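Here are the chains, one letter per residue:
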Amino acid sequence: MAKQLRDMALSCALVDLDLDGGGMDVLVGIEGAPGMRLGRIRAPLGRVDPQALGEELPVWDGIPLLSNDPWTAPPQGWWDVDAAVSAMAGLADLLLIDAGRGRHLGNLRSLKGLPSLLMVDMTVLGLARAKALLHALNGRRDDGDRAQDSPLISCRPPMALIGMMPTQHRVSHGVDPEQAEEFLGRSLDVVLKPQTKLSASVLDGRGLERVPRTYARALQPLVERIVGMVVVGERKEERVSSRGLTWSEAVK
């Protein structure tokens, strides 16, 4: 999605907030590239300079990437992570974040109310986990401020669900999309099938060598929706600015 957005003349940046797992740099094949990782960022005053951070980041195919390597750094304060996300947001038109399962992110003010996508593992266990997460996110929306101390990410409930069928070495087949939608109580926007060459390149440590065309075609409608949201946001910002207010003041 980041590559497609970049090709549509929008600058993008990537952030790895899977605090338990991490390894986005390994996923895309640039783990050996020098540069800043999330675990090294310290912001005792709650602020990181975007330009200074941008100059220290590794770049994947023209896209700045802040990866998380939790096995190489001690735990951070939530304010360090929050400052890092805010700084990354100042580097590009769009910031795409891997939030893992959304845990340990409840205090991040930089993520509050943002749009989200949910990747669903199309297995029985994966669907059960997705349903629990959807219920929790909807519960946060209904509870409002009462949920502010929750460890769960404070973004909006997912705008779209992306199903990922399991690889053949895990199970013989995944759950049918129709059954999955009935269980989840909402439709799946995209269902992706595993690509043997892609899986092999990632598992062998070569990284994401090439995005399959089938993935690009399947994700294109979602990419266009995101672009539409950005364009609308820019128009709102222009109208707000004409009244002498900044966009941040208008949305508080």
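Reading guide: rules and limits
Residues numbered from 1 in each chain as written. Predicted model: local features only at pLDDT ≥ 70, side-chain atom pairs only at ≥ 80, totals over all residues. Heavy atoms only, no water. Helix = DSSP H or I, 4+ residues; strand = E, 2+ residues; numbered from the N terminus. Buried < 20%, exposed > 50% of the residue type's maximum accessible area, 1.4 Å probe, protein only. Contact = heavy atoms within 4.5 Å. Areas by Shrake-Rupley, 256 points an atom, 1.4 Å probe, with all protein chains shown as cover. Salt bridge = Lys/Arg side-chain N within 4 Å of Asp/Glu carboxyl O. Phe/Tyr/Trp six-rings, centres within 6.5 Å; stacked < 30°, edge-to-face > 60°.

A. Region of interest: the overall build of the chain. When you go through the chain residue by residue, the secondary structure sums to nine helices and seven strands. Taking all 252 residues of the chain together, 39% fall into the buried category. Once local pairs closer than 6 in sequence are excluded, the contacts in the chain between residues at least 24 apart make up 76%. Summing over all exposed atoms, the chain offers an accessible surface of approximately 14,500 Å²; the carbon and sulfur share of this is 53%.

B. View of the pattern of salt bridges. Applying the stated rule across the entire model yields nine salt bridges. Note that Arg 225 and Asp 189 form a salt bridge whose closest N and O atoms lie 3.6 Å from each other. Taken together, the positions of Arg 225 in helix H8 (residues 213-242) and Asp 189 in the loop between helix H6 (177-184) and strand S7 (190-192) put the pair 36 residues apart, joining distant regions of the chain. When salt bridges that share partners are traced, they join Lys 3, Arg 6, Asp 7 and Asp 61 into one network.

C. Quick peek at the packing of aromatic side chains. Counted according to the given criterion, the structure contains one aromatic pair. The interplanar angle of 75° and the centroid separation of 6.1 Å between the aromatic rings of Trp 78 and Trp 79 together place this pair among those described as edge-to-face. Judged by its relative accessible area of 33%, Trp 78 falls in the partly exposed class.

D. Representation of the environment of Gly 139. When you line up the elements, Gly 139 lands in helix H5 (residues 124-143). Between the alpha carbons of Gly 139 and Pro 157 there is a distance of 9.3 Å; along the sequence they are 18 residues apart.

Function-wise, these values are silent; they only describe arrangement.
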